[in-house]
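Chain by chain, the residues run as shown.
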Amino acid sequence: DVKVTQSSRYLVKRTGEKVFLECVQDMDHENMFWYRQDPGLGLRLIYFSYDVKMKEKGDIPEGYSVSREKKERFSLILESASTNQTSMYLCASSLGASGINEQFFGPGTRLTVL
Amino acid sequence: DQQVKQNSPSLSVQEGRISILNCDYTNSMFDYFLWYKKYPAEGPTFLISISSIKDKNEDGRFTVFLNKSAKHLSLHIVPSQPGDSAVYFCAASRTDAGNMLTFGGGTRLMVKP
């Protein structure tokens with residue numbers, strides 16, 4: 001069974017703080033993703049990584065950065081948190097094989113920026 | 001501009017009846033479609049998928065229909081059960097960009113006992 005874990009279920013931060021969201025997967029997946037989920041907008045891709053130290057921008061990368069130093073771990077960084085980054089953040093992973101690969105999601109981190 | 005749209009934010013159905021969730025897309029390059037189910041406080045889980053070479057895929061109580069000419073797909077749940085109450089997300093992909101999914105806004109399904 002694939003397991004994707006996220007470091008926190010709930011976080012409250014202040015405007016301007018640096019925020020780290022951690023994600024770990026235990027199935028040796030090549031691909032990892034960070035999404036944010038907002039009402040009516042579904043899941044929007046922030047960044048993804050297809051290999052260690054590799055990263056690609058998704059649809060809404062502004063205000064975020066990522067780090068992938070190890071295959072199993074993918075971190076999302078908010079350099080200076082703002083109130084419009086209050087959201088549910090979801091991490092996912094998938095195999096790197098060609099074709100369509102199911103993405104497996106973590107439980108999410110609900111971030112509130114005051 | 002959203003390339004995948006779920007125009008009904010919510011749907012209420014009686015237990016035992018059919019639930020029909022709809023999804024429209026605009027990008028004709030999409031050729032693979034997935035449905036995910038999300039319970040509160042959990043991440044989305046994969047439910048069922050369909051390739052554009054098919055117009056129907058069935059898995060137990062769940063059937064997905066694809067109408068390529070209309071760029072429309074639907075998820076049918078028969079019979080609906082209270083445990084099906086969740087948010088359902090439609091997602092689309094291109095096999096030449098297989099690892100990228102574009103999600104719709106989601107539909108909250110409530111199945112009443």
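Residues numbered from 1 in each chain as written. Chains lettered and ligands numbered in written order. Predicted model: local features only at pLDDT ≥ 70, side-chain atom pairs only at ≥ 80, totals over all residues. Heavy atoms only, no water.

Caption draft 1: Summary view of the interface of chain B and chain A. Taken together, the contact pairs 21 residues of chain B with 23 residues of chain A. Here chain B packs against chain A, burying approximately 1,700 Å² in sum over the two surfaces, 60% of which is carbon and sulfur. Looking only at chain B, the three residues that lose the most surface to chain A are Asn99, Met100 and Phe103 of chain B, adding up to 31% of its buried area. Counting every contact that joins chain B to chain A gives 3 residue pairs in polar contact (both at pLDDT 80 or more). For the side of chain B that touches chain A, the elements supplying multiple residues, two or more each, are β4 (32–38) and β9 (86–93) of chain B. At 4 residues, β4 of chain B tops the list of elements feeding residues into the side of chain B that touches chain A. Class assignment for the residues of the side of chain B that touches chain A results in 10 nonpolar, 8 polar and 3 charged. (Contact = heavy atoms within 4.5 Å. Buried area = accessible area lost by both parts, 1.4 Å probe. Polar contact = N/O pair within 3.5 Å; in protein donor to acceptor, adjacent residues only side chain to side chain. Helix = DSSP H or I, 4+ residues; strand = E, 2+ residues; numbered from the N terminus. Nonpolar A, V, L, I, M, F, W, Y, C, P; charged D, E, K, R; others polar.)

Caption draft 2: Layout of unusual backbone geometry. Cis geometry marks the peptide bond from Val78 of chain B to Pro79 of chain B; its omega dihedral reads -15°. One can find Pro79 of chain B in the loop between β8 (72–77) and β9. Phi is positive for Lys53 of chain A, close to 65°, though the residue is something other than glycine. Within the secondary structure layout, Lys53 of chain A lies in the loop between β5 (42–49) and β6 (56–57). Positive phi, close to 50°, is recorded for Lys71 of chain B, a residue that is not glycine. With respect to the secondary-structure elements, Lys71 of chain B resides in the loop between β7 (62–67) and β8. For Lys71 of chain B, a relative accessible area of 25% translates into the label partly exposed. (Buried < 20%, exposed > 50% of the residue type's maximum accessible area, 1.4 Å probe, protein only.)

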